[in-house]
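Descriptive analysis of the structure
Listed below are the residues making up each chain.
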2 protein chains.
Amino acid sequence: MNHFQSNIFPMRKLVFPGAAEWIVVGGRDMFPTATRVFRAAGIRQIAVIGFGSQGHAHALNLRESLVGSGIVVKVGLPEESGSRQKARAAGFTEKDGTLGETFAVIAESDFVILLIPDSEQVRLYKKIFAALRLGAILGLAHGFLLGHLLSVGEYFPDNISVIGVCPKGVGTSVRLWYEQGRETNGAGIPCSIAVECDLGGALDVAIAWAIQLGAPLSSFTTLRKEFLSDLTGERAILLGAVWALAEMAYRRFIELGFSEEEAFNLAVESITGPISDRISRHGGLLGLYSGLPGSEQKIFARAYVSVYGPAKELIEDIYASVESGDEIREVVERGNQLREHPMERVDIGEMWAVGERVRQNRENFEKVIDPMVAGLYAGIMMAQVDVLHDHGHWWTEVCFESIIEAIKSLNPLMHAKGVGFMVHSCSPTAQLGAKKWGPRFMSSLWGDVLQDFSNNPESVLGSPLFQLFVGHPVHSSLATCLELVPKEDLYVG
Amino acid sequence: MNHFQSNIFPMRKLVFPGAAEWIVVGGRDMFPTATRVFRAAGIRQIAVIGFGSQGHAHALNLRESLVGSGIVVKVGLPEESGSRQKARAAGFTEKDGTLGETFAVIAESDFVILLIPDSEQVRLYKKIFAALRLGAILGLAHGFLLGHLLSVGEYFPDNISVIGVCPKGVGTSVRLWYEQGRETNGAGIPCSIAVECDLGGALDVAIAWAIQLGAPLSSFTTLRKEFLSDLTGERAILLGAVWALAEMAYRRFIELGFSEEEAFNLAVESITGPISDRISRHGGLLGLYSGLPGSEQKIFARAYVSVYGPAKELIEDIYASVESGDEIREVVERGNQLREHPMERVDIGEMWAVGERVRQNRENFEKVIDPMVAGLYAGIMMAQVDVLHDHGHWWTEVCFESIIEAIKSLNPLMHAKGVGFMVHSCSPTAQLGAKKWGPRFMSSLWGDVLQDFSNNPESVLGSPLFQLFVGHPVHSSLATCLELVPKEDLYVG
């Protein structure tokens, strides 16, 4: 249960089993209120540092939401940055004073939104902290920088406020949904909001930021919870584990005598297509299970029971490795090498070439859900749900980082463009994590899990472990969260 | 767990949570085996006594299955019976010796299938028992006669075998599905099989009967379990309670300001249409619940929690009243009066006239599931599931008598023809029971249940009572049973 309360913005109580969370309701009709909050906080200029996918979306959305307010949105980039041309094309120019050099812009702004890559944040944060005005507000879109500071025994300076607004989708959709929201009072991407350091009024500034970014609804988290769940999730069900499951299932179906195309359809397309769709639009994980014929429910249960334990152990290891700072230190170290030795692609096996062919002839393949694949996928997903919930993450974050981001954002992306595109579209932090942990999932799946699956009797359907799945409180929590997001996928290709 | 085993017929093990049941697999390819079993049991003539909906179906299906076997199927009817003309039209004639007087046919047959109304069975059983040959086999299509015998301290004579084959659908569909099964190796109506008295080989004769009747799959029960669950079910969710819920919900929606047509659509059409359809084809009761949007899941949970307790108490009362013999004695007594004073119809309120209009303009009404109605319906259904299961009924019977008969047979009938047609199509035993218990459900629903529903907070979604629903073993049991029945509704209008 969170206890965040704003006296300015309307809030809504979400009831989850055994808990409740307050969330913020956005919408275009709230833009004037948000503008007043910015003004009351003394904000005259907002800096958007970086003009990548998120930077672009934040800069354009905020500028549009603040039209006529007198508050300036200014983009900060290095003099030599290749993104300068993109920023100018979007109407941020040196000439009219809305595009400037990174540290100059930071020094002259009241509210600085830092949207440069994790590795750049780590490289530059001392200089950035030094450049910030006394009493300025630093805005982050996720918790990595805090994770790094903690891993090296440092912290934010004590003369600034630090807030987070973390969109639950890629930058492209943050912009696209905002544009569609012009007609619908602010359809947009939901965010999670965090207040890390508060010199006064920071919560309302964070909410105002989320609203002007277009978030129709925002939940709450802390920056620490955010980086723990984010890094854990991408190493597990979001990227690392789903990649491993796809490779394992493909090999398994080949072994069973299926053609390459059929194997790909059963192993990969089923996850990124009908399984994601069922979870997303037809009753969540419970709907995925209960919608199967009775005999297939038993196969699902056998797969679920065989994978849940090993997956939970692995995800606990991941969580511990993130919490200890090891994952972040590795990313920082490897990040330095990456400039010279680019990462190897993950989609180099033959199956991904097969996938390319299947995607191009999709109409020839039946949409099927293989119950073993569905049970394995659900088992890993639930293991992550339980790890995050056991560590005190709130239901909105558990659902978004373990389920909704997978089924509405990443899997549709993988469905459209393949696993390589999906993995390599993500941050180096995510890619490195997936490449480290994916093979561990693979060896577990291909070994003990598959063996257990073959040995498990149908009667595991009635086992306590599987009954915990069926009666799990995440099912109604997910349904509540799914109502908060647009019905369409958050990824728009 | 049942322990029935045939050494002749193929059996299949169904795995349910915490239990298993053996069932028999039928199909037209098994007809010759079934014929050999009849012959080995010394059966040269099968009597079908009665030519109503079930008598007609049994006589025609058995005659067709036994073509060329030399085993005669002969219909027995009183000399003055109005059904004689129907029998003759179906090819059972006095001239070729396949139609005769009831007791004469009984006396000359090896296997006598008794398909006359319950009240007639009660009036005539002494004469029937006396007419049966020594060592004959008496076949029943449900357990009412045993219930009556127990209620008056009597039993079957000890020189006959008594078996039951109870089709899980009305006689019309027993015949129609058999006809469709000609092309598909025996699509037909599933049955439950009981062996009450066994002078030797009775189990295999019962299985042979079910197979030649067209049952693609048959589960097992006892005649006692059968009449207990049958009479309880029709007094509760199948007829009495659904009628009460429809009346209560209609009045409630009128009170809330809906038009008569809208109220009928929300209160009645939603149950007989989309709610039944979801349970039947989209994941059972769990699919009904998990397919609702999150906010409606909370309304569903509030309704479920408010109705489950009172409904369970009422259904326990019904079960006790059936078990004590009271219900059966009442039916027998009232049955005698009925010949002079026909039963009042149940569909005399204004709402059923509205229903007639709605059915005729169905395309103008949106198919909607009202979450309160769905939660109340599911709560009563689950109360019945729990009462039957607590009393030791096996999962196949629990699922058929509490859920499948409702969603695949009776509700579709009510959807097509209205509540009056549904109730009055059923046996007088069922009608009398529904008319007795319906008003008790109504007063409970309209009183405490509605009050509790209004007072229950959304957080009951996380209550232990509701978590028992979500994690209930009936969900996977139902999915297993639903795979045994034809995908289409068992009622064909």
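**Some details on the sheet that holds strand 5 (residues 99–101) of chain B**
Residues and elements named next belong to chain B.
- Taken together, 10 strands build an open sheet; the order of strands is 1-2-10-9-8-7-6-3-4-5 and the sheet is mixed. Lying at the two open borders of the sheet, with one neighbouring strand each, are strand 1 (11–16) and strand 5. For this sheet, the mean angle separating the axes of adjacent strands, direction not counted, is 30°.
- Sheet topology note: the strand 4 (residues 72–77)/strand 5 ladder contains 3 bridges and is parallel. Bridging across to strand 5, V75 finds its partner in L99.
- The strands touched by helix 2 (residues 53–65) within the sheet are strand 3 (45–49), strand 4, strand 6 (111–114) and strand 8 (161–167), with strand 4 carrying the most contacts at an inclination of about 160°.

**Topic: the packing of aromatic side chains**
Residues and elements named next belong to chain A.
- Under the criterion given, the structure shown has 36 aromatic pairs over all chains.
- When the ring of F51 is compared with that of F92, the centres are 6.0 Å apart and the planes differ by 70°; the resulting orientation is edge-to-face. Linking F51 in the loop between strand 3 (45–49) and helix 2 (53–65) with F92 in the loop between helix 3 (83–89) and strand 5 (99–101), this pair joins segments that are 41 residues apart in sequence. Neither residue differs from the other here; F51 and F92 are each classed as buried.

**Here's the deal with the relation of the copies chain B and chain A**
- For the pair chain B and chain A, the best superposition has an RMSD of 0.0 Å and corresponds to a rotation of 180° with a translation of 0.0 Å parallel to the axis. The transformation relating the two chain copies, once decomposed into turn and shift, fits a two-fold axis. The position closest to the rotation axis in chain B is occupied by the C-alpha of B:G471, lying 1.9 Å away.
- Of all interface residues in chain B, 100% are interface residues in chain A too; the two copies therefore contact each other through one and the same surface.

**Some thoughts on the environment of B:V122**
Residue and element names in this part refer to chain B.
- When you line up the elements, V122 lands in helix 5 (residues 118–131).
- Taking the C-alpha atoms as reference, V122 lies 8.5 Å from L149; in sequence the two are 27 residues apart.
- Apart from residues lying up to four places away in sequence, V122 is in contact with F144, H148 and V332.

**What to know about the interface of chain B and chain A**
- Listed as interface residues are 28 residues of chain B and, on the opposing side, 29 residues of chain A.
- The contact between chain B and chain A buries some 2000 Å² in all, and 57% of this surface belongs to carbon and sulfur atoms.
- On the chain B side of the contact with chain A, B:V15, B:S290 and B:E483 bury the most area, a combined 22% of that side's loss.
- Run the count over chain B and chain A and you get 0 salt bridges.
- The interface formed by chain B and chain A includes 8 residue pairs in polar contact (both at pLDDT 80 or more).
- When residues of the side of chain B that touches chain A are traced back to their parent elements, those giving at least two are helix 12 (284–290), helix 13 (294–323), helix 20 (464–470) and helix 21 (474–482) of chain B.
- Here the side of chain B that touches chain A is composed, by residue class, of 9 nonpolar, 16 polar and 3 charged.

**Section: the packing of helix 11 (residues 260–281) of chain B against helix 17 (residues 395–417) of chain B**
All names here are of chain B.
- Running from N to C, helix 11 and helix 17 point in directions that differ by 140°, and their axes come no closer than 9 Å. As for how helix 11 packs across helix 17, the hand of that crossing is left-handed. Between helix 11 and helix 17, the residues in contact are V268, E269, I271, T272, G273, S276, I279 and S280 and I403, I407, K408, N411, M414 and H415, respectively.
- Each residue belonging to the contact of helix 11 with helix 17 can be placed in one class, and the counts come to 6 nonpolar, 6 polar and 2 charged.

**Here's the deal with the confidence of the model for chain A**
- Put simply, chain A has an average pLDDT of 91, and 97% of its residues get 70 or more.
- Two summary scores accompany this predicted model of the complex, namely pTM at 0.84 and ipTM at 0.74.

**Remarks on the sheet that holds strand 2 (residues 19–25) of chain A**
All names here are of chain A.
- Taken together, 10 strands build an open sheet; the order of strands is 1-2-10-9-8-7-6-3-4-5 and the sheet is mixed. For this open sheet the edge positions go to strand 1 (11–16) and strand 5, each flanked by a neighbour on one side alone. Each strand of the sheet is rotated relative to its neighbour by a mean of 30°, with strand direction disregarded.
- Across the sheet, helix 8 (residues 202–213) touches strand 2, strand 6 (111–114), strand 7 (137–140), strand 8 (161–167), strand 9 (191–197) and strand 10 (217–220), and the angle it forms with strand 8 is around 30°.

Cut-offs and rules
- Residues numbered from 1 in each chain as written.
- Chains lettered and ligands numbered in written order.
- Predicted model: local features only at pLDDT ≥ 70, side-chain atom pairs only at ≥ 80, totals over all residues.
- Heavy atoms only, no water.
- Pairing = 2+ DSSP bridges.
- Helix = DSSP H or I, 4+ residues; strand = E, 2+ residues; numbered from the N terminus.
- Axes fitted to C-alpha atoms, helices over the stretch in contact; angles between N-to-C directions.
- Contact = heavy atoms within 4.5 Å.
- Phe/Tyr/Trp six-rings, centres within 6.5 Å; stacked < 30°, edge-to-face > 60°.
- Buried < 20%, exposed > 50% of the residue type's maximum accessible area, 1.4 Å probe, protein only.
- Least-squares fit on C-alpha atoms with pLDDT ≥ 70 in both.
- Buried area = accessible area lost by both parts, 1.4 Å probe.
- Salt bridge = Lys/Arg side-chain N within 4 Å of Asp/Glu carboxyl O.
- Polar contact = N/O pair within 3.5 Å; in protein donor to acceptor, adjacent residues only side chain to side chain.
- Nonpolar A, V, L, I, M, F, W, Y, C, P; charged D, E, K, R; others polar.
- Left-handed = near helix turned anticlockwise from the far one by under 90°.
- pLDDT = per-residue confidence, 0-100.

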